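As a plain string of letters, each chain reads:
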Amino acid sequence: MELLGHLADGFATSLSPMNLMIVIIGVTAGLFIGAMPGLGSVNGVAIVLPLTFIVPPSSAIILLAAIYYGAMYGGAISSILLGIPGASTAVATTFDGRPMAQQGKAGLALIAAATASFVGGTISVILFTLFAAPLADVALAFGPPEEFALVLLAFTTFVGLGGDDVLKTIIMICLGLVLSTVGLDLISGQPRLIFFDQPGFYSGVSFLVLAIGIYGVGEILYTIETSKSAPSVTPAKLTFKELKYGLKEMNKLWKTMSFGSIMGFFVGMLPAAGATPAALMAYGLAKLTSKTSSTFGKGNIEGVAAPETANNAASTGSLLPMLTLGIPGSPTTALLLGGMVMWGLVPGPMLFIEQPDFVWGLISSLYTANLAAVLVNLALIPVFVWALRMPFTVLCAIVLILCLVGGYAPSQKLHDVWLIVGFGVIGYFLRKADYPMAPLVLALVLGPLMERSFRQTLISEQGNVLAFVERPLSATFIALSAIFFLLPLLNMLRRRMRAKTTAGKPAE
């Protein structure tokens, strides 16, 4: 009953006329920010942060959280309609969302993304509300061995994303891990892989730069070459009949969405994990467990539902360690943490006691923002489709400019712009050679976390490698990693045995 009382007080705060208007403005702005290729919640929150001083702290954090939620929804729009992720969290949505649009199912893909995002956001907010204190203890219990084992699990689940060519997938993972080591050594601070003595490499290779180059510029180059005529955007129908059909199809995927929501929430709680790896992991696991795994990457609606539920759930999960421990779970929550400090609020366990109106107002606003985001998203789908019906030459130029500006804005370094161009050319050739891009992106995101947790474990355990299997949770993750890694190999051996058996049978 005490929980319901706190939540009721929170809704009294979040449903005030000013805060309700702020939520609607925030999710609408977040949708447009998330839909723009190369931009995302990080840039959106960073841009709006200076403007929040004109409103009270509770309204300011509600505005930023609403932008965060809206950007999670909006990232799927350009991923589906253009094949270019509007945000890094929507990379996995591109894998099946774009093929669905090319098959004339753009409306269904967008409805699936919005519905899955709503389900993921709702389940995660409920979990946040019910289990805030226990889940904070779980996140705190994750030590370096568990973090390493979890990242290893993410890599092994992604081995299947390269199709039958496991070798290409492993090569791309290794390439991503190499890129993740560029910069200063985590322990000694010594420079590593500073190519051509360029000072820009001292800060490492930004994931945003790689994602924009590979999926933005590279996609433009490949589309220009392969398109004999200017491609047209498939209209996304949004009649009540289409919406009813889409909701009916999504009702069949309740297991996928439930699993993606719960997993995304827990992954989002982990410091430095965030929504992007949660979405990629959910996609990989959905493919491994799906009865129609062979159609993933070709327009499977499960490939849209799984990452969209996970990234929205992870966005909520990442707020938990920020509020309870003062540890940001993602780059965006790091900005939110900075904003709270500027407003004189001290994140941590005492925040729930000293500032209950603020905490529960924020939690209740997540319910409001989630509902507002799905309604505004569905209402504005025709607007996004209309905006993309411009001449292909103009569209390419605009997307290219947005990619370069989106890559330049966070660091304001020309070095990153040149990297975007370089990665775009590399991505173009890799695409022509049928190399999977997702493992490369995943490895760059998780590489630093994997290296840090691995080295911390060995240092603390004085080089004892068995430390990774001596703790129950990390041992479980490593066992699952071994199973997922061996599954494609076992399937390949099984197909070869069947082929030999078929070849040995006499013709009738």
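Refer to the structure printed above.
The rules behind each value
Residues numbered from 1 in each chain as written. Predicted model: local features only at pLDDT ≥ 70, side-chain atom pairs only at ≥ 80, totals over all residues. Heavy atoms only, no water. Helix = DSSP H or I, 4+ residues; strand = E, 2+ residues; numbered from the N terminus. Buried < 20%, exposed > 50% of the residue type's maximum accessible area, 1.4 Å probe, protein only. Contact = heavy atoms within 4.5 Å. Patch = residues over 30% accessible without salt bridge, like charges linked within 9 Å, V, L, I, M, F, W, Y side chains within 5 Å. Areas by Shrake-Rupley, 256 points an atom, 1.4 Å probe, with all protein chains shown as cover. Salt bridge = Lys/Arg side-chain N within 4 Å of Asp/Glu carboxyl O. Phe/Tyr/Trp six-rings, centres within 6.5 Å; stacked < 30°, edge-to-face > 60°. Expected span 1.5 Å × (residues − 1). Polar contact = N/O pair within 3.5 Å; in protein donor to acceptor, adjacent residues only side chain to side chain. Arc of directions from axis to C-beta. Axes fitted to C-alpha atoms, helices over the stretch in contact; angles between N-to-C directions. Parallel < 35°, antiparallel > 145°, perpendicular 65-115°, else oblique. Left-handed = near helix turned anticlockwise from the far one by under 90°. Nonpolar A, V, L, I, M, F, W, Y, C, P; charged D, E, K, R; others polar.

1. Overview of the overall build of the protein chain
Scanning the protein chain from terminus to terminus reveals 23 helices and 2 strands. Counting every position in the protein chain, which comprises 508 residues, the buried fraction comes to 54%.

2. Details of the side chain of Thr93
Structurally, Thr93 can be placed in helix 5 (residues 91-102). The residues touching Thr93, leaving out its near neighbours within four places in the chain, are Ala76, Ser79, Ile80, Arg98, Gly303, Val304, Pro307 and Glu308.

3. Re a nonpolar patch on the surface
A contiguous nonpolar surface patch, about 480 Å² in accessible area, is contributed by Ile170, Phe485, Leu486, Leu489, Leu490 and Leu493. For the nonpolar patch, the leading source of residues is helix 23 (residues 472-504), giving 5 residues. Relative to the helices and strands, Leu490 resides in helix 23. Look at Leu490 and you get partly exposed, because its relative accessible area is 47%.

4. Concerning the packing of aromatic side chains
Summed over the entire model, instances satisfying the criterion amount to 8 aromatic pairs. For the pair Phe454 and Phe468, a centre-to-centre distance of 5.5 Å together with 5° between the ring planes defines the contact as stacked. Here Phe468 lies in helix 22 (residues 467-470) and Phe454 lies in helix 21 (residues 438-460), a separation of 14 residues in the sequence. Residue Phe454 is classed as partly exposed on the basis of its relative accessible area of 32%. For Phe468, a relative accessible area of 5% puts it in the buried group. The structure contains a cluster of three or more aromatic residues connected by ring pairs, namely Phe95, Tyr283 and Phe296.

5. A look at helix 2 (residues 17-35)
With 19 residues, helix 2 ought to run about 27 Å at 1.5 Å a step, and its terminal C-alpha atoms sit 27 Å apart, in line with that. All buried positions along helix 2 are accounted for by Asn19, Ile22, Val23, Gly26, Val27, Gly30, Leu31, Ile33, Gly34 and Ala35.

6. Here we look at the pattern of salt bridges
Throughout the structure, instances matching the rule amount to 4 salt bridges. Glu451 is the partner of Arg455 in a salt bridge, and the nearest nitrogen-oxygen pair spans 2.9 Å. Pair noted here: Arg455 and Glu451 are both in helix 21, with a separation of 4 residues, about one helical turn. Assessed through its relative accessible area of 24%, Arg455 is described here as partly exposed. Judged by relative accessible area, Glu451 falls into the buried class, the value being 15%. Among the charged side chains, a salt-bridge network with shared partners connects Asp185, Arg192, Glu451 and Arg455.

7. Things to note about the environment of Thr256
As for its placement among the helices and strands, Thr256 is situated in helix 12 (residues 254-269). Placed 46 residues apart in sequence, Thr256 and Glu302 show a C-alpha to C-alpha distance of 7.2 Å. A polar contact of 3.2 Å, which involves the side chain of Thr256, links it to the side chain of Glu302.

8. Concerning unusual backbone geometry
Even without being glycine, Phe196 reaches a positive phi, approximately 55°. Positionally, Phe196 belongs in the loop between strand 2 (191-192) and helix 10 (207-226). Phi at Asp197 is positive, roughly 55°, even though this residue is not glycine. You can see Asp197 is positioned in the loop between strand 2 and helix 10. Asp197 sits in the exposed class, given a relative accessible area of 67%.

9. Remarks on helix 9 (residues 166-180)
In this model helix 9 runs 21 Å from its N-terminal to its C-terminal C-alpha over 15 residues, within 8% of the 21 Å that 1.5 Å per residue would give. For helix 9, the complete set of buried residues consists of Val166, Lys168, Thr169, Met172, Ile173, Gly176, Leu179 and Ser180. Mapping the buried residues of helix 9 onto a view down its axis gives an arc of 165°, with all of them on the same face.

10. So, the packing of helix 4 (residues 57-81) against helix 14 (residues 302-317)
In contact at an axis separation of 10 Å, helix 4 and helix 14 are set at 165° when each is read in the N-to-C sense. The orientation of helix 4 relative to helix 14 falls into the category roughly antiparallel. Crossing of helix 4 over helix 14 shows right-handed handedness. Note on element contacts: helix 14 touches helix 4 through Glu308, Asn311, Asn312, Ser315 and Thr316, opposite Tyr68, Tyr69, Met72, Tyr73 and Ala76.

11. Examining the packing of helix 5 against helix 6 (residues 106-130)
With their axes 7 Å apart at the nearest point, helix 5 and helix 6 run at an angle of 150° to one another. The orientation of helix 5 relative to helix 6 falls into the category roughly antiparallel. Of helix 6, the residues touching helix 5 (which contributes Gly97, Met100 and Ala101) are Ala106, Leu108 and Ala109. Of the residues contributing to the contact of helix 5 with helix 6, the split by class is 5 nonpolar, 1 polar and no charged.

12. Things to note about the environment of Met21
By the element assignment, Met21 lies in helix 2. Judged by its relative accessible area of 47%, Met21 is partly exposed. Considered as a pair, Met21 and Leu63 are 42 residues apart in the sequence and their alpha carbons are 9.4 Å apart.

13. Side note on the side chain of Asn370
With respect to the secondary-structure elements, Asn370 resides in helix 18 (residues 356-387). For Asn370, a relative accessible area of 2% puts it in the buried group. Apart from residues lying up to four places away in sequence, Asn370 is in contact with Tyr69, Tyr73, Ser117, Phe118, Gly121 and Thr122.

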